[in-house]
Amino acid sequence: MGGLNSYYYRNNRLFETGLHAITNYADKAAKHAPLNKLLRQLKISRDEIGFHQQISSEIRFPEASLLFSNDFEELQQQISATFPSQSDNFQRLVSYIDDADPFSEQHYRSTRAVLAEFLDDRLLVDMLLCPVLYYGSSWENDIDFKQYVIMFRSVFQEGLFRPAGTIKNLLDLLVAKLNQYGGTLKLGTGVRNIISQGEKIIGVTLENGEKILCKHLVSTIGLDETRLLLGRRKDSQGDRRLAFVESIFQLDRQALQVLPGDRTCIFYSRTKDFRFEQPDVPVCYRSGVISLPFNFQDLQTNRDSIEVRTTHLANYQHWLKASEDSDFYEKLKEQHGRQACREVEPILGDFSRHIVFSDFFTPLTVERFTGKHGGAIYGSPKKVSDGSMGYDNLVLAGTDQGFLGIVGAMLSGVSMVNRHILSKL
Ligand SMILES: Cc1cc2nc3c(=O)[nH]c(=O)nc-3n(C[C@H](O)[C@H](O)[C@H](O)COP(=O)(O)OP(=O)(O)OC[C@H]3O[C@@H](n4cnc5c(N)ncnc54)[C@H](O)[C@@H]3O)c2cc1C
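(A) Just the overall build of the protein chain, in detail. Looking only at helices and strands, the protein chain has 13 helices and 16 strands in total. Taken along the three principal axes of its C-alpha coordinates, the protein chain extends 60 × 55 × 45 Å. Burial analysis of the protein chain (425 residues in total) assigns 41% to the buried set. For the protein chain, restricting intrachain contacts to residue pairs at least 6 apart in sequence, the fraction spanning at least 24 positions comes to 69%.

(B) Broad picture of unusual backbone geometry. Despite not being glycine, N141 shows a phi value in the positive range, around 60 degrees. Assignment of secondary structure puts N141 in the loop between α6 (122-134) and α7 (145-158). Of note in this structure, D298 is not a glycine but carries a positive phi near 60 degrees. In this fold, D298 is placed in the loop between β13 (287-291) and β14 (306-314). You can call D298 exposed: it has 12 C-beta atoms within 10 Å.

(C) The arrangement of the environment of P163 in detail. Checked against the element boundaries, P163 lands in strand β6 (residues 161-163). In the structure, P163 is positioned 72 residues away from D235 in sequence and 36 Å away in space, judged by C-alpha atoms. Those residues within four positions of P163 in sequence are excluded, and the remaining contacts are I49, G50, N169 and L170.

(D) Structural detail: the pairing of β14. Burial of β14 is extensive: eight of the nine residues sit out of reach of the surface. Alignment of strand β11 (residues 243-251) against β14, held across nine bridges, turns out to be antiparallel. Paired with I248 across the strands is R309, a residue of β14. Across three bridges, β13 lies against β14 in antiparallel orientation.

(E) Layout of the packing of helix α1 (residues 34-42) against helix α13 (residues 405-420). Viewed as axis vectors pointing N to C, α1 and α13 meet at an angle of 55 degrees, and their least axial separation amounts to 10 Å. Compared by their axis directions, α1 and α13 come out oblique. Crossing handedness for the pair α1 and α13: left-handed. Each of P34, L35, L38 and Q41 in α1 lies in contact with α13, whose residues at this interface are V407, M410, L411 and V414. Across the contact of α1 with α13, the residue classes break down as seven nonpolar, one polar and no charged.

(F) Seen up close, the sheet that holds strand β8 (residues 200-206). Spatially, the three strands line up as an open sheet ordered β7-β8-β9, and their pairing is antiparallel. Because the sheet does not close on itself, it has two edges, and the strands there are β7 (191-197) and β9 (211-213). The sheet shows a mean angle of 25 degrees between the axes of neighbouring strands, direction not considered. In this structure, β8 lies alongside β9, joined through three bridges in antiparallel fashion. Bridging from a neighbouring strand, V204 pairs with I212 of β9.

(G) Summary view of the sheet that holds β14. Taken in spatial order, the seven strands line up as β5-β4-β12-β13-β14-β11-β15 in an open sheet, and their pairing is mixed. Each of the sheet's edge strands pairs with one partner strand only, and the pair in question is β5 (65-68) and β15 (355-361). Each strand of the sheet is rotated relative to its neighbour by a mean of 15 degrees, with strand direction disregarded. Here strand β4 (residues 57-60) runs beside strand β12 (residues 265-269); their pairing, made up of three bridges, is parallel. Bridging from a neighbouring strand, R60 pairs with Y268 of β12. Contacts from α6 reach β4, β5, β12, β13 and β14, with the element oriented near 120 degrees to β12.

(H) Spatial organisation of the environment of T205. With respect to the helices, strands and loops of the structure, T205 is situated in strand β8. Here the alpha-carbon distance between T205 and N193, two residues 12 residues apart in the chain, equals 5.4 Å. If we ignore the near neighbours within four places in the chain, the residues touching T205 are R192, N193, I195 and K211.

(I) How the structure looks around helix α11 (residues 326-348). With 23 residues, α11 should reach 33 Å at 1.5 Å per residue; the first-to-last C-alpha distance of 32 Å fits that figure. Along α11, the sharpest kink reaches roughly 25 degrees, centred on R342 and followed within four residues by the proline P346. For α11, every residue scored as buried is listed here: L332, K333, H336, G337, A340, C341 and V344. The inward-facing, buried residues of α11 contact β11, β13, β14, α10 (316-322) and β15. A positive backbone phi angle near 105 degrees is found at G349, which sits one or two residues after α11.

(J) Expanded view of the domain arrangement of the protein chain. Domain annotation of the protein chain identifies domain 1 (57-158), domain 2 (186-237 + 378-424) and domain 3 (243-370). Just the C-alpha atoms count here: the centres of domain 1 and domain 3 sit 24 Å apart. Taken together, the contact pairs 17 residues of domain 1 with 19 residues of domain 3. When residues of the side of domain 1 that touches domain 3 are traced back to their parent elements, those giving at least two are β4 and α6.

(K) Examining the nonpolar core more closely. In this structure, C130, V132, M151, F267 and I290 are the most contacted members of the largest nonpolar core, which totals 79 residues. Ranked by residue count, the leading element in this core is α6, at nine residues. In contact with V132, other than residues within four places in its own chain, are S137, I143, Y148, M151, F152 and V155.

(L) The arrangement of the environment of T23 in detail. With respect to the helices, strands and loops of the structure, T23 is situated in the loop between β2 (13-16) and α1. Residue contacts for T23: discarding those within four places in its chain leaves Y135, S154, V155, E158, L160, G405 and V407.

Cut-off values and rules
Residues numbered from 1 in each chain as written. Predicted model: local features only at pLDDT ≥ 70, side-chain atom pairs only at ≥ 80, totals over all residues. Helix = DSSP H or I, 4+ residues; strand = E, 2+ residues; numbered from the N terminus. Buried ≥ 20, exposed ≤ 12 C-beta atoms within 10 Å, placed from the backbone. Contact = placed C-beta atoms within 7 Å. Pairing = 2+ DSSP bridges. Axes fitted to C-alpha atoms, helices over the stretch in contact; angles between N-to-C directions. Parallel < 35°, antiparallel > 145°, perpendicular 65-115°, else oblique. Left-handed = near helix turned anticlockwise from the far one by under 90°. Nonpolar A, V, L, I, M, F, W, Y, C, P; charged D, E, K, R; others polar. Expected span 1.5 Å × (residues − 1). Bend = angle between axes of the 7 residues up to and from the residue. Domains from an automatic or database assignment. Core = buried A, V, L, I, M, F, W, Y, C linked by C-beta atoms within 7 Å.

This is the structure we're talking about:
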């Protein structure tokens, strides 16, 4: 799990950059669940993290709304009640997803087309796509079915949680484990280039000129980003990458009187035909995600900061152009903040008068702090599921291997290291 999920301090307060909700929740008893396998592999006990499950999340469209929680039954019941004619079809779709193997080598398959084979209702198709696209699609209006299976399981069938502490506590825990096993985290200087000799990687040169030699290299910076460090061309020339503006509104405690107390995330579309594509304006408000990170089970009373976060699709080029004039760029961010409030207040209640501090990450912020080209949080539309980059000892892990989110990024790292490095020792 890299820099997309981090933290910073403003006004003596810790801000989490990314944490809405972590996917892949599993009870302790579910020994074979990906989360529990991951914790065993990393030798982290569940108590070190502290799990707080979501309360309830919502997919809200103009004509219908569906609630889901970490009890998958709830989504099934909601679909039966709201789309009675689709109930059996949905069960068949779930069986098909249960039987699917997203890790086998397959070409891209449109999820929209697969869902339409099972469901006769376009609205339900859009509603079942909306959270998954927002939590992990690098394709416009669709997602590769392999990826959908992974995300459907991790968002709907497993569910969402938050750790007891902040993202800083979680990162500190991971760094402590790394140190305990002899690793070192080097910060403050990036990799300038990867040194190769034929099919072999020898090491890396850092931006400060230092060379580090290695037997194996695992890159989590992205497919194109890694290729450029190898002196190769980008793989995905001309792809339309998806970027977002993320907004954080910190609120006073009175805001609790207007905000819903039982919603963790709300995935909304204001129009019945849900669009998930690069907008031709700086920010598109037709759809988005609203996250209420204080609304997790047993967390409401002990959180000292009440926040609303919103995610909206954005156009990287517009923000790049705006950044040529820093005053204009700042004004555009402020303007976006006001507009984001206006757009989501009809859903959340009138919270903007309770704002004590706000901050916005544009696609340029994401690019600057993570190196993701175009500020594309979910990376390249091309995923390399076996992690292979055409070198004997270089493996790609993380987002562009096809695992999204905090747990996904960690699962990817562990599985790629097991497969390409530890299995050969
Ligand atoms: C605003 C936001 C909200 C999110 N919310 C959630 C959430 O609620 N739940 C969830 O599960 N996931 C969430 N995510 C997604 C999650 O953060 C990512 O899926 C995850 O961090 C991906 O990890 P990664 O290791 O693949 O990539 P990254 O996090 O991008 O890590 C790659 C790292 O490589 C570094 N790097 C890049 N270039 C170089 C170089 N040349 N040399 C050295 N280092 C380099 C970057 O600085 C970065 O630290 C969110 C992301 C964002 C941006």
